[in-house]
Amino acid sequence: QVQLVESGGGLVQAGGSLRLSCAASESIFIINGMGWYRQAPGNQRELVAGITSGGSTTYAASLKGRFTISRDNAKNTVYLQMNSLKPEDTAVYYCNADIRASTYQPTRVYWGQGTQVTVSS
């Protein structure tokens, strides 16, 4: 069973940086798009950034310039570098990936368990 394991969340002061990682737990046949979402209390889950298997990226307009998504296809891992963090960036951050685990399984979207990011003022 494929799992996406996230790490790198925590508590940081405003203006600081964090780097989130999300790795697939086993060898994968194909990983297509990967991405990061976040959900703050009382809010809907929103897209932070996405990256295709070829490296094309997309960002939420309000975050472009502060956040950078990247991936290491050899490690089946996606990263989110977050700089100049603000208190309003406080949320649970989730990674997701469009994965075909093996040749006999269909492609489906997997989600990580979420990692808390808290930015203090």
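Small disclaimer: the values here were computed from a predicted structure and weren't measured.

Give me the lowdown on the packing of aromatic side chains, citing residues and values where you can.
Taken as a whole, this structure holds one aromatic pair when the rule is applied. In this structure, R19 is placed above the aromatic ring of Y79, and the distance from its NZ or CZ to the ring centre is 4.0 Å. A cation over an aromatic ring shows up here: R45 above the ring of W111, its NZ or CZ 4.7 Å from the ring centre.

Requested: an account of the pairing of strand 8 (residues 77-82), with residues and values cited.
The buried fraction of strand 8 is high, at five of six residues. Judged from the six bridges that link them, strand 3 (residues 18-24) and strand 8 form a sheet pairing that is antiparallel. Each residue of the ladder has a partner; that of C22, found in strand 8, is V78. Bridge count for strand 7 (residues 67-72) against strand 8 is six bridges, and the pairing is antiparallel. Looking at strand 8, one finds that F67 is bridged to M82. Two successive antiparallel strands, strand 7 and strand 8, enclose a turn made up of four residues, where N76 displays a positive phi of approximately 50°.

Cut-offs used in this document
- Residues numbered from 1 in each chain as written.
- Predicted model: local features only at pLDDT ≥ 70, side-chain atom pairs only at ≥ 80, totals over all residues.
- Heavy atoms only, no water.
- Phe/Tyr/Trp six-rings, centres within 6.5 Å; stacked < 30°, edge-to-face > 60°.
- Lys NZ or Arg CZ within 6 Å of the ring centre and 35° of its normal.
- Buried < 20%, exposed > 50% of the residue type's maximum accessible area, 1.4 Å probe, protein only.
- Helix = DSSP H or I, 4+ residues; strand = E, 2+ residues; numbered from the N terminus.
- Pairing = 2+ DSSP bridges.

Taken by themselves, the reported measurements are silent on function.
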